[in-house]
Amino acid sequence: MTASPIQKSGSTDGPTLKRELKVIDAAAFSVGLIGPVGGMALLGAGAVAIIGRAAIWAFVFALVAVALTAYSFTRLARYIAHSGSVYALVGITLGPRAGFVAGWALLGAYIAICSGSTIEIGYFFSQVLGDVGLSSTTPWLLIAIIALALVVALGFTEIHVITRILLYAEFVGVVLVTFLSIVVLVRQGIGKAPGNVHLTWDIFKFPAGTTFSTVAGAAVFGFTAFAGFEGAATLGEETQNPKREIPRAIKIAIGVVGVFFLLTMATQSLGYGTDQAGVDRFTTQANPYGNIGLAYVGKWLAVCLNLVASLSLFAITLGTIAASARILFALVRDAGQTRGIGKVSRKGAPLNSLFVVVGVVLVIVLFQQIKGNAVLNATFYSLTVGTIALLVAYILATLGAAKFLFFEREKRAPAWQVIIPILAVITLGYTIYKNWYGVAAPYSYFPYFVIVWLLIGLLIVMAVPGLAGRVRSRLAAGDNSDEAFIP
């Protein structure tokens, strides 16, 4: 194997991040952003509400689409190592204006998803406090604010400490949820399940009237669950040998989390039952983990599952804020600002950017509370907006990869593989369409929120004198896309 230097001479002008991470750190960062345990705490019920007992197919659809999308990220990551993730991948392949808008879209997506996960922390941890008899009336907002304060405190630590926290938090949760899944399968298999529910293949049978459109509509919950798989790309300037390790990290994250999602979705559906009564119970449960844990094992597991869900959601909040800070740092730094937001701490972390991101998240969380939105509605509102913005960023990155790999003078991938980004764009675009047209308010409004956010980014890059030129110069200085990692 061969790998070239990460940056060309002159590309290090301005603040730089500390390069210290290995593949396990980068993979842990992506897994932490995904937050598989916290993600499945509520998203499975959302898919079931649309597609019924066959909700697992929504996650299969999402997994296939994510795998198609990941092709572009892993291919481009062999050539481009940058903390701006989609911003750099699109900026180098489609131009600085498109890159800035793509980075802006990803920044908005992470901030919205972070807001939703922060609210969800308050929801689940308040249940933990009630279950152990400490308090049953602790406001979710107070817990959410404490979580954000902890994130700020951890922002002073080095990035490798953050990645290990993400890894350990998810590992404990995955072990407990997998234990519950095994118990469900075993008890149903031997006929000892609560409610006389038996193991069945009905979770793979579509209810009458289910169409491809239905599956695509439910798949938004799957995309939300996988949100952040590309997070390792934001560590392109902090990972050792990133052109080799970042693609590996993304593949590891998708593989491990994909298996976990399918197993968990299957056993949640089985646990509640695949008949209509079981589907109704699942969709009306505000605590899917806890209720199954209580029924199949006991209260101790229900409490532990709510606790690890809270920890996983904290990992999502920590990871998305860390990733958002790095994207914001890259956008500002490459625009020529080396002070304020474009400055790094003595430990090489974009601390000022982190403060800004945390402030924005806090404003969103407070707005949800002032507006009087119920905690679960507030969670899903933020997650849906974030997912739509994320899909836009994915589409731009996929288009950039297609151009870079197949439609330039130098062909960087076998010609037949062009079908992969084409299928990815179709799948991602159709999912956005299904979550725009024919959905009830307020969800029908959310795509317009994303459009407004994108227009703000476009106006910034178009209106600020010389911004596009400075972004182009900075990306060109760090563009070593001709120096690929060759496996």
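Up top you'll find the structure we're talking about.
This is a predicted model, so every value here is computed, not measured.

Asker: Describe the packing of aromatic side chains, listing the residues and the values that go with them.
Answerer: Where two aromatic rings form a pair, the distance of their centres and the angle of their planes describe that pair. In the structure shown here, the tally under the stated rule is 25 aromatic pairs. Seen in terms of ring centroids, F100 and W104 are 6.3 Å apart; in terms of plane orientation they differ by 15 degrees. Their pairing is stacked. On the criterion of helical spacing, the pair formed by F100 and W104 is a turn pair, its members being four residues apart in helix α6 (residues 96-131). Here F100 falls in the buried class, since its relative accessible area comes to 5%. Ring plane angle 45 degrees and centroid distance 5.2 Å describe the contact between Y433 and Y437, whose orientation is recorded as tilted.

Asker: Which residues make up the pattern of salt bridges, and what values go with them?
Answerer: In this structure the tally under the stated criterion is six salt bridges. Notably, a salt bridge pairs D202 with K205, separated by 3.2 Å at the nearest N-O pair. Taking the relative accessible area as the measure of exposure, K205 reaches 47% and is therefore partly exposed. In this structure, the salt-bridge partner of R244 is E245, at a minimum N-O distance of 2.8 Å. For E245, a relative accessible area of 8% translates into the label buried.

Asker: Describe in detail the nonpolar core, supporting the description with residues and values.
Answerer: Core analysis: the biggest nonpolar cluster contains 161 residues, and F229, F261 and Y289 have the highest contact counts within it. When residues in this core are grouped by element, the largest group, 20 residues, is from helix α15 (residues 375-406). Once residues lying within four places of it in the same chain are set aside, the contact partners of F229 are S30, I34, V66, T69, A70, F73, I250, I254 and Y394.

Asker: Outline the environment of G35, supporting the account with residue identities and numerical values.
Answerer: Looking at the element boundaries, G35 is found in the loop between α1 (23-34) and α2 (36-39). Judged by its relative accessible area of 0%, G35 is buried. Along the chain, G35 and V174 lie 139 residues apart, while their C-alpha atoms are 9.9 Å from each other.

Asker: Describe the side chain of S30, with residues and values.
Answerer: Among the structural elements, S30 can be located in helix α1. There is a polar contact of 2.9 Å between the side chain of S30 and the backbone nitrogen of A232. Sequence-distant contacts of S30, that is, excluding residues within four places in its chain, are made with G228, F229, E230, G231, A232 and A253.

Asker: Any chance you could break down unusual backbone geometry for me, citing the residues and the numbers?
Answerer: The amide bond that connects A441 to the next residue, P442, takes the cis arrangement and shows omega of 5 degrees. With respect to the helices, strands and loops of the structure, P442 is situated in the loop between α16 (419-434) and α17 (446-463).

Asker: Help me get a handle on the side chain of S181, residues and values and all.
Answerer: Mapped onto the fold, S181 is located in helix α8 (residues 159-189). Each residue touching S181, except ones within four places of it in the same chain, is listed here: L263, T264 and T267.

Asker: Tell me about helix α13 (residues 299-334), and please be specific about residues and values.
Answerer: Compared with an ideal rise of 1.5 Å per residue, which puts 36 residues at 52 Å, α13 spans 52 Å between its outermost C-alpha atoms and is within 8% of the ideal. Here α13 lies mainly inside the structure; 31 of its 36 residues are buried.

Rules used throughout
- Residues numbered from 1 in each chain as written.
- Predicted model: local features only at pLDDT ≥ 70, side-chain atom pairs only at ≥ 80, totals over all residues.
- Heavy atoms only, no water.
- Phe/Tyr/Trp six-rings, centres within 6.5 Å; stacked < 30°, edge-to-face > 60°.
- Helix = DSSP H or I, 4+ residues; strand = E, 2+ residues; numbered from the N terminus.
- Buried < 20%, exposed > 50% of the residue type's maximum accessible area, 1.4 Å probe, protein only.
- Salt bridge = Lys/Arg side-chain N within 4 Å of Asp/Glu carboxyl O.
- Core = buried A, V, L, I, M, F, W, Y, C linked by side-chain atoms within 4.5 Å.
- Contact = heavy atoms within 4.5 Å.
- Polar contact = N/O pair within 3.5 Å; in protein donor to acceptor, adjacent residues only side chain to side chain.
- Expected span 1.5 Å × (residues − 1).

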